Amino acid sequence: MTIEDLLFFAKQHIHSDHAKILLAELLNCNPLELLNHLQEEVSEQQIELFQREVKALKENKPLQYVIGHINFYGNEFLIDERVLIPRFETEELVENTIKYINKYFTEPVDIIDLGCGSGIIGLTLEKKVSTKSVDLIDISSDALKVTKQNCEKLSSKANIIESDMFAKIDKKYDVIISNPPYIKTEEEIEDIVKNNEPHIALYAGVDGLDCYRKILREVKDYMKEKCIIAFEIGMTQAEDIKKIANQYLDNITIEVKKDLSEKDRMLFIFKNCE
Ligand code: GLN
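Cut-offs used in this document
Residues numbered from 1 in each chain as written. Predicted model: local features only at pLDDT ≥ 70, side-chain atom pairs only at ≥ 80, totals over all residues. Heavy atoms only, no water. Core = buried A, V, L, I, M, F, W, Y, C linked by side-chain atoms within 4.5 Å. Buried < 20%, exposed > 50% of the residue type's maximum accessible area, 1.4 Å probe, protein only. Helix = DSSP H or I, 4+ residues; strand = E, 2+ residues; numbered from the N terminus. Contact = heavy atoms within 4.5 Å. Phe/Tyr/Trp six-rings, centres within 6.5 Å; stacked < 30°, edge-to-face > 60°. Near = heavy atom within 4 Å. Polar contact = N/O pair within 3.5 Å; in protein donor to acceptor, adjacent residues only side chain to side chain. Areas by Shrake-Rupley, 256 points an atom, 1.4 Å probe, with all protein chains shown as cover. Nonpolar A, V, L, I, M, F, W, Y, C, P; charged D, E, K, R; others polar. Patch = residues over 30% accessible without salt bridge, like charges linked within 9 Å, V, L, I, M, F, W, Y side chains within 5 Å. Salt bridge = Lys/Arg side-chain N within 4 Å of Asp/Glu carboxyl O. Lys, Arg positive; Asp, Glu negative; His and termini not counted. Charge placed at Lys NZ, Arg CZ, Asp CG, Glu CD. Pairing = 2+ DSSP bridges.

### Comments concerning the nonpolar core
Here comes step 1: Membership of the largest hydrophobic core comes to 38 residues, with the highest contact counts inside it found for Ile101, Ile111, Leu125, Ile228 and Phe268.
Here comes step 2: Ranked by residues supplied to this core, first place goes to helix 5 (residues 88-104) with 6 residues.
Here comes step 3: Excluding anything up to four places from it in sequence, phenylalanine 268 contacts Leu93, Asn96, Thr97, Tyr100, Ile228, Ile229, Ala230, Thr253, Ile254, Glu255 and Lys257.
Here comes step 4: The next biggest cluster of nonpolar side chains, apart from the first, holds 30 residues, and it includes Ile176, Ile229, Phe231 and Ile241.

### A few points about the packing of aromatic side chains
Here comes step 1: Within this structure, the stated rule accounts for 9 aromatic pairs.
Here comes step 2: With a centroid separation of 4.9 Å and an interplanar angle of 75 degrees, the aromatic rings of tyrosine 100 and phenylalanine 270 are classed as edge-to-face. One end of the pair, tyrosine 100, is in helix 5; the other, phenylalanine 270, is in strand 9 (residues 264-271), with 170 residues separating them in the sequence.
Here comes step 3: For tyrosine 100, a relative accessible area of 5% translates into the label buried.
Here comes step 4: A relative accessible area of 5% means that phenylalanine 270 is categorised as buried.

### Some thoughts on the site of the ligand
Here comes step 1: Taken together, Leu84, Thr90, Gly115, Cys116, Gly117, Ile120, Ile121, Asn179, Pro180, Pro181 and Ala201 make up all the residues around the ligand.
Here comes step 2: Glycine 115 is positioned with one of its backbone polar atoms (N or O) 3.0 Å from a nitrogen atom of the ligand.
Here comes step 3: Asparagine 179 is positioned with one of its side-chain polar atoms (N or O) 2.9 Å from an oxygen atom of the ligand.
Here comes step 4: For the ligand, whose accessible area on its own is 290 Å², the fraction buried by protein is 96%.
Here comes step 5: Residue composition of the shell around the ligand, by class: 7 nonpolar, 4 polar and no charged.

### So, a negative patch on the surface
Here comes step 1: Side chains of Glu186, Glu187, Glu188, Glu190 and Asp191 sit close together on the surface and give a patch of like negative charge.
Here comes step 2: Within the fold, glutamate 186 resides in the loop between strand 6 (173-178) and helix 8 (191-194).

### Some details on the pairing of strand 7 (residues 223-232)
In the case of a regular strand, side chains alternate between the two sheet surfaces.
Here comes step 1: Counting buried positions along strand 7 yields 7 of 10 residues, so the element is predominantly enclosed.
Here comes step 2: In the sheet, strand 6 pairs with strand 7 via 5 bridges, with the strands oriented parallel. Among the inter-strand pairings, tyrosine 173 is bridged to a residue of strand 7, identified as methionine 223.
Here comes step 3: Sheet topology places strand 7 next to strand 9; 6 bridges connect them, and they run antiparallel. Within strand 9, the residue paired with isoleucine 229 across the bridge is isoleucine 269.

### Quick notes on the environment of isoleucine 169
Here comes step 1: Within the secondary structure, isoleucine 169 is located in the loop between strand 5 (159-162) and strand 6.
Here comes step 2: Residue isoleucine 169 is classed as buried on the basis of its relative accessible area, which comes to 8%.
Here comes step 3: In contact with isoleucine 169, not counting residues within four places along its chain, are Ile112, Ile137, Ile161, Ser163 and Tyr222.

Shown next, in the form of structure tokens:
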């Protein structure tokens, strides 16, 4: 069998773009280079793997899980059903946080990533800014297995800690960052998300604010004198989260930022950042 045969087979079942992406993965090349490989013979093993992947896509599995890795802010991360699929908006959170860290800190920073999932946020920050320590926290031991693989893949020195937010933490940080679950229990979301991604990473109570409440209630004890808290948020949640923050923290400045779709998506809390 040749690549062309596989492409023909796949196109009968799945979108041709997806077919090309899977084949390019198989050949370890760019989808645009596939044309040069059409007559290449493939092994039995490759055929089996490819057929399994086509079947998974046909059964509405997300492409990212089928491929098993994703590029986030310039690095490849392994992902599977144990963790959330990284979103473009989270790259925007990371980008803005890098900007603020560089603006307000001259010394290496201590960072905690709460609800780290695959580890994309904390591990990207470790690569992009000067850090003293990076602590990756998640309540899900399954998710942390993926975090660990990504730490190894990226030769990271980050600490992985299984903890329900700050429960097992006894340290103060310069940067506290989180993209926690923020979907309301009853909120309608796409089937492909609902049926495949871990619900523990998606849902956060009737108003979707449970995790922000939990973090902000305790966060004071974990903030250094000067500190940035960076949250990804749901597009309707900014005002509520501001109120919760002001309830638990004094002398802070809050900034809400929109994502590229013009939706409120990030909320930054600054303490003594001048
Ligand atoms: N922090 C991780 C991410 O941004 C996981 C988020 C989550 O599981 N809600 O992908």
